[in-house]
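# Analysis of the macromolecular model
Chain by chain, the residues run as shown.
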Amino acid sequence: MSRHKGGMFLSQRKYAEQIIERAGMSCCKSSHTPVDTKEKVSATSSTTYEDPTLYRSLAGALQYLTFTRPDISYAVQQVCLHMHDPRVDHMQALKRIIRYIQGTLDYGLHLYSSPVSSLVSYTDADWGGCPDTRRSTSGYCVFLGDNLISWSSKRQPTLSRSSAEAEYRGVANVVSESCWLRNLLLQLHCPMRKATIVYCDNVSAIYLSGNPVQHQRTKHIEMDIHFVREKVARGQVRVLHVPSLYQIADIFTKGLPRILFEDFRDSLSVRQPSASTEGVC
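Conventions adopted
Residues numbered from 1 in each chain as written. Predicted model: local features only at pLDDT ≥ 70, side-chain atom pairs only at ≥ 80, totals over all residues. Heavy atoms only, no water. Domains from an automatic or database assignment. Contact = heavy atoms within 4.5 Å. Buried area = accessible area lost by both parts, 1.4 Å probe. Salt bridge = Lys/Arg side-chain N within 4 Å of Asp/Glu carboxyl O. Polar contact = N/O pair within 3.5 Å; in protein donor to acceptor, adjacent residues only side chain to side chain.

Named according to an unreviewed UniProt entry, the protein is Mitochondrial protein originating from Nicotiana attenuata.

Here is the structure:
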């Protein structure tokens, strides 16, 4: 961690270098993104990888790196799904992450001095994206003021029968995380006076968060619906629409084109260090 005039810079550069060296890729060419935009790799694609222990070791190490590199969260989550039976294609996906890290070794998470006024979150889901189970991948990020403080990329535990259901499960997840953060800030004597804003790009999911009428197609997510609506009714949460072009949480649910990926990465404050620092911890 290093300090600069505007705040702090969190980096795991040395740890990232160790991962690259362990993989034997110190001289590899860099990649502009950690994952491609193609369909997700199947669990049974290609042949079994010859050294599953190495695969698991590298995948586990990359998980720890996501503490300061949220930009690789989705890619790491995808390779970790196959730790029980890694295939050659899965190792290729893992190596792409390492090539991306090689080209962004200087990058880390910036935290800036800003007024603690509100929690703002973004949530998204990639409906039925898993080629093996057709489960959806949901992701979210939560900002306290201008700073990213929480993020997640995770495959949903159950099958969603519609995109609205998948998106709404994502909304419920980030609302739950926001409630925990609000309680934590309350204990730290920094209570949130304003409602947490949840941005979602699915109109149906937004409608369900405020509409008291139950529909037949939503009975199987009734618990999530009541949970979110209760928080909305209490004024703790507001679920609003955001155009897909500005949906930052996309970076946690799918592979993106280079330009869009770099734009969202910058929105997460994952950048190179500032030119000057005031001290290193």
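We are not done yet, so read on.
Further remarks concern the domain arrangement of the protein. As far as domains go, the protein holds domain 1 (2-109 + 259-271) and domain 2 (114-242). Each of domain 1 and domain 2 has a C-alpha centre, and these two points are 26 Å apart. Each partner contributes to the interface: domain 1 provides 17 residues, whereas domain 2 provides 15 residues. The contact between domain 1 and domain 2 buries some 1,100 Å² in all, and 57% of this surface belongs to carbon and sulfur atoms. The largest contributions to the domain 1 side of the interface with domain 2 come from Lys40, Gln77 and Leu268, which together make up 38% of the buried area. In this structure, the connection of domain 1 to domain 2 is made through two salt bridges. For the salt bridge of Glu39 with Arg134, the shortest nitrogen-to-oxygen distance reads 3.9 Å. At the boundary of domain 1 and domain 2, one finds five residue pairs in polar contact (both at pLDDT 80 or more).

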